[in-house]
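# Structural characterization, general
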Amino acid sequence: MKEYIVTVMALDRVGIVRDVSSALSGIGGNITHMNQTVMRGYFTLIVSVEMPEERTQLEIRQAVERNGDVGEFEVNVRPFVEPHPSVLRPSERFVLSLRGNDKHGIIASVTSFLADTGINIDDFYAYIVDKRFIMLVQVSIPIETNLNNVQSGLEQLGKEFELTVHLQHENIFRATSEVRPMMEFDSATR
Amino acid sequence: MLQNEHLDVRAVNMGVDLFDCADRDIDRACKLIREKILRNASPLVGVCESVSRRYGIPVVNKRVSVSPIADVLAGHGKAELLQAAKTLDEAAGEAGIDIIGGYSALCQKGMTISDRSLIESLPEVLSETKRVCASINAASTKAGINVEALLLLGRIWLEIAARTADADGFGCCKLSVFANIPEDNPFMAGAYKGIGEPETVINIGVSGPGVVKRAIERLRQNHPNCNLGDIAEQIKTTAFRVTRCGELIGREVAKTLGAEFGIVDLSLAPTPAVGDSVGEIFEAMGIRHVGGPGTTAALAMLNDAVKKGGAFASSSVGGLSGAFIPVAEDSSLAKAVEEHHLSLEKLEAMTNVCSVGLDMIALPGDTCAETLTALAMDELAIGIINRKTTSVRLIPVPGKKAGDRAVFGGLFGESPIMTIPNQTSDSFVCMGGRVPAPLTSLNN
């Protein structure tokens with residue numbers, strides 16, 4: 001068996017996950033991971049699938065496309081490779097939140113800063129509610145990173161864009177929300 | 001969102017054992033005390049700030065408490081104890097700590113020579129030092145009430161007030177007199193490091209009352225038909241979150257400092273800031289005027305719900321763990337006194353169902369020593385009979401009368417001076433001796 005990563009983007013409707021998964025299953029695939037989200041009516045799906053050796057990328061893509069209307073699914077298929085070393089460093093999870101009026105270039109500036117600091121983004125939400133821009137980012141900060149420098153850099157960006165910025169270790173959210181023994185939230189001491 | 005809930009940690013208190021500093025030579029004892037406090041407490045503020053930044057949760061107060069000085073310096077007289085108090089004051093200042101507790105005596109059954117010396121030194125200590133807080137345990141369920149100590153304290157309260165008359169008797173704000181004093185209380189003025197506690201220990205006070213108030217307001221806004229059970233449930237859930245927040249921060253501070261983690265104290269401790277008031281919680285619960293009928297029931301429900309949520313959140317709940325009602329330190333309570341909704345008698349009734357007691361009560365300057373003793377006896381009697389902690393922080397304000405305003409400043413706040421309705425108990429308290437331990441003490 002060979003592993004592939006398949007992504008599908010489409011206008012959301014009922015039944016897309018069924019159509020994609022039955023297409024993959026129909027050509028002998030076994031889905032091991034799946035993640036989907038819908039934003040402003042647009043559906044995206046990312047799937048990790050094991051396929052018989054003889055299947056080609058083209059066959060997989062065409063099988064999925066055939067299960068939608070003509071031109072409905074935008075499908076991408078890539079062979080699975082091991083994660084990039086930059087995301088495998090020992091890290092701790094933090095939650096970055098920004099709030100304020102929407103301005104040009106906020107996301108580009110913040111993500112440039114994170115990338116330049118070696119911080120990987122694991123999850124990202126940004127949306128506008130009542131004309132307020134809200135951005136919630138789950139990030140992995142390598143343990144050797146100087147947290148004070150990161151905080152200062154983000155505060156600086158907050159000032160520049162007139163945003164409220166908070167960077168908090170994820171354990172504060174977990175400890176106050178999850179019913180688990182406290183010892184499970186014992187994190188590394190910097 | 002945590003930011004919208006304004007979660008904070010109200011107090012991180014480091015307990016430092018000083019018994020290994022005991023010495024017959026007071027200069028040497030003070031040198032050892034100073035060195036030990038600096039060695040242990042100097043990193044406290046920096047570590048708290050670093051942990052606070054890591055979790056995005058403010059740590060409001062960083063304090064130190066030490067072993068009861070009357071026991072550490074047993075055998076020393078008043079002058080030596082004053083010297084030790086000044087050492088504590090200076091060492092706290094050097095370590096960047098604004099308040100240090102533990103200038104204390106445990107004399108619920110009787111006073112040792114040093115207990116008496118320590119109490120007699122209080123007027124000088126509380127007027128000549130800036131950061132030192134004192135506490136006296138004058139009663140317990142097991143021992144009864146030491147009326148001799150309270151008679152002495154009656155006179156001492158007036159002397160402290162006289163020495164700090166230009167600040168409305170402010171020195172008395174730094175003295176708490178207890179029944180059943182807890183060994184692990186992180187809140188001032190009553191924090192000291194108990195004799196049964198570890199070498200160094202971190203005790204935590206959870207978020208202020210504003211968090212609970214906002215949670216109740218949110219619930220009532222989103223569910224206008226909610227009942228009292230729903231409000232209790234909301235308080236309980238909020239208490240779970242604030243307790244977890246406190247324990248997470250406390251454990252990390254303790255680990256970083258190489259100290260043991262002690263307890264999380266569930267007490268809701270107000271400050272004079274608007275929005276940070278226990279009185280405002282009552283208002284959010286629908287009590288129109290704090291002190292009016294229903295206030296005691298609301299307080300009982302609040303206190304109970306906080307304990308239920310906190311006890312599930314942590315196996316290390318301790319200290320006082322009950323809502324505080326310090327009049328001068330809570331703008332809403334002070335306002336209720338000003339508007340004649342809240343009286344001394346109602347406050348005393350409320351202390352049956354919460355902690356701590358008659359706390360931060362400004363009284364007329366001409367109140368006599370015996371009346372102060374009698375007021376303290378009433379409050380401590382509630383403590384010993386109900387097997388709970390109660391305390392008094394009484395401030396006779398020199399030159400001022402009931403209805404005038406006492407201003408203490410900063411976190412100590414301000415308040416109208418309260419009326420004492422009847423001051424004719426002298427012959428009762430002057431009999432002295434000890435109120436025997438109640439029957440409830442015979443529980444073995």
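Because the structure is predicted, anything quoted here is derived from the model rather than measured.

How each quantity is defined
Residues numbered from 1 in each chain as written. Chains lettered and ligands numbered in written order. Predicted model: local features only at pLDDT ≥ 70, side-chain atom pairs only at ≥ 80, totals over all residues. Heavy atoms only, no water. Helix = DSSP H or I, 4+ residues; strand = E, 2+ residues; numbered from the N terminus. Rg over C-alpha atoms; globule rule 2.2 N^0.38 Å. Buried < 20%, exposed > 50% of the residue type's maximum accessible area, 1.4 Å probe, protein only. Contact = heavy atoms within 4.5 Å. Areas by Shrake-Rupley, 256 points an atom, 1.4 Å probe, with all protein chains shown as cover. Lys, Arg positive; Asp, Glu negative; His and termini not counted. Charge placed at Lys NZ, Arg CZ, Asp CG, Glu CD. 1 Å grid on protein atoms, 1.4 Å probe; cavity = no way out; pocket = protein on both sides within 12 Å on 5 of 7 lines; lining within 4 Å. Points joined across faces, edges and corners; volume = space filled by probe spheres on them. Buried area = accessible area lost by both parts, 1.4 Å probe. Salt bridge = Lys/Arg side-chain N within 4 Å of Asp/Glu carboxyl O. Polar contact = N/O pair within 3.5 Å; in protein donor to acceptor, adjacent residues only side chain to side chain. Nonpolar A, V, L, I, M, F, W, Y, C, P; charged D, E, K, R; others polar. Pairing = 2+ DSSP bridges. Axes fitted to C-alpha atoms, helices over the stretch in contact; angles between N-to-C directions. Parallel < 35°, antiparallel > 145°, perpendicular 65-115°, else oblique. Core = buried A, V, L, I, M, F, W, Y, C linked by side-chain atoms within 4.5 Å. Patch = residues over 30% accessible without salt bridge, like charges linked within 9 Å, V, L, I, M, F, W, Y side chains within 5 Å.

## Looking at the overall build of chain B
For chain B, the helix and strand inventory stands at 15 helices and 14 strands. Against the 2.2 N^0.38 benchmark of 22 Å for 444 residues, chain B shows a C-alpha radius of gyration of 21 Å, consistent with a compact globule. Along the three orthogonal principal directions, the C-alpha set of chain B runs to about 65 × 55 × 50 Å. Scored against the burial criterion, the 444 residues of chain B give a buried share of 64%. When contacts within chain B are restricted to residue pairs at least 6 apart in sequence, those whose partners lie at least 24 apart make up 79%. Looking at chain B as shown, the accessible area adds up to about 15,600 Å², and 51% of this sits on carbon and sulfur atoms. A distance of 4 Å separates the average location of the 43 positive side-chain charges in chain B from that of its 52 negative side-chain charges.

## Describing the layout of surface pockets
For the largest pocket, the calculated volume is near 970 Å³. Lining the largest pocket are 27 residues, and of these Asn 35, Thr 37, Asp 122, Asp 123 and Phe 124 of chain A lie nearest its centre. Going through the elements one at a time, strand S2 (30–39), strand S3 (42–51) and strand S6 (120–129) of chain A are the ones with two or more residues in the lining of the largest pocket. Of the volumes computed, that of the second largest pocket is approximately 290 Å³. As for the second largest pocket, its lining consists of 19 residues, of which Glu 348, Ala 374, Leu 375, Asp 378 and Ser 425 of chain B are closest to the centre. Secondary-structure elements contributing two or more residues to the lining of the second largest pocket are helix H13 (344–350), helix H14 (369–385) and helix H15 (426–429) of chain B. Among the elements that take part in the lining of the second largest pocket, H14 of chain B stands out by supplying 6 residues, more than any other.

## Notes on the interface of chain A and chain B
With 30 residues of chain A at the contact, the number on the chain B side is 21 residues. For the pair chain A and chain B, the summed buried surface comes to about 2,100 Å²; carbon and sulfur atoms form 53% of the total. If you sort the residues of chain A by the area they bury against chain B, Ile 172, Thr 176 and Met 182 of chain A come out on top, with a joint share of 31%. Across the contact surface, chain A and chain B share 3 salt bridges. Note that Lys 255 of chain B and Asp 186 of chain A form a salt bridge whose closest N and O atoms lie 3.1 Å from each other. Inspection of the region where chain A meets chain B yields 11 residue pairs in polar contact (both at pLDDT 80 or more). Of the residues in the side of chain A that touches chain B, the class split is 11 nonpolar, 12 polar and 7 charged.

## Regarding the sheet that holds strand S1 (residues 2–11) of chain A
Residues and elements named next belong to chain A. Strands sit in the order S2-S3-S1-S4 across an open sheet of 4 strands; the sheet is antiparallel. Each end of this open sheet is capped by a strand with a single partner; those strands are S2 and strand S4 (74–79). When the angles between neighbouring strand axes are averaged without regard to direction, this sheet yields 15°. Sheet analysis places S1 next to S4, joined by 6 bridges and oriented antiparallel. Among the inter-strand pairings, Ile 5 is bridged to a residue of S4, identified as Arg 78.

## Topic: empty space enclosed by the protein
Summary: where empty space remains is shown by rolling a probe the size of a single water molecule over the atoms. Residue and element names in this part refer to chain B. Under the definition given, this model contains 1 cavity of 30 Å³ or more. Approximately 320 Å³ is the volume attributed to the largest cavity. Elements represented by at least two residues in the lining of the largest cavity include exactly strand S2 (59–66), strand S6 (175–179) and strand S11 (390–397). Considered class by class, the residues forming the lining of the largest cavity number 14 nonpolar, 6 polar and 5 charged.

## Focus on the packing of helix H10 (residues 278–285) of chain B against helix H11 (residues 295–313) of chain B
Each pair of packed helices can be described by the angle between their axes along with the distance between the axes. All names here are of chain B. Look at H10 against H11: their axes get within 10 Å of each other, and the N-to-C directions meet at 105°. On the basis of their axis angle, the class for H10 and H11 is roughly perpendicular. Contact residues: H10 offers Val 278, Ile 281, Phe 282 and Met 285, while H11 offers Thr 295, Ala 298, Leu 299, Met 301 and Leu 302. Taken together, the residues that form the contact of H10 with H11 break down as 8 nonpolar, 1 polar and no charged.

## Considerations on the nonpolar core
By size, the foremost hydrophobic cluster in this structure holds 148 residues, and its most contacted members are Tyr 103, Leu 122, Ile 136 and Leu 302 of chain B. At 11 residues, helix H9 (residues 228–257) of chain B tops the list of elements feeding residues into this core.

## Section: a nonpolar patch on the surface
A surface patch of nonpolar side chains, about 290 Å² in accessible area, is lined by Met 9, Leu 11 and Tyr 42 of chain A. Tracing the chain through its elements places Met 9 of chain A in strand S1.

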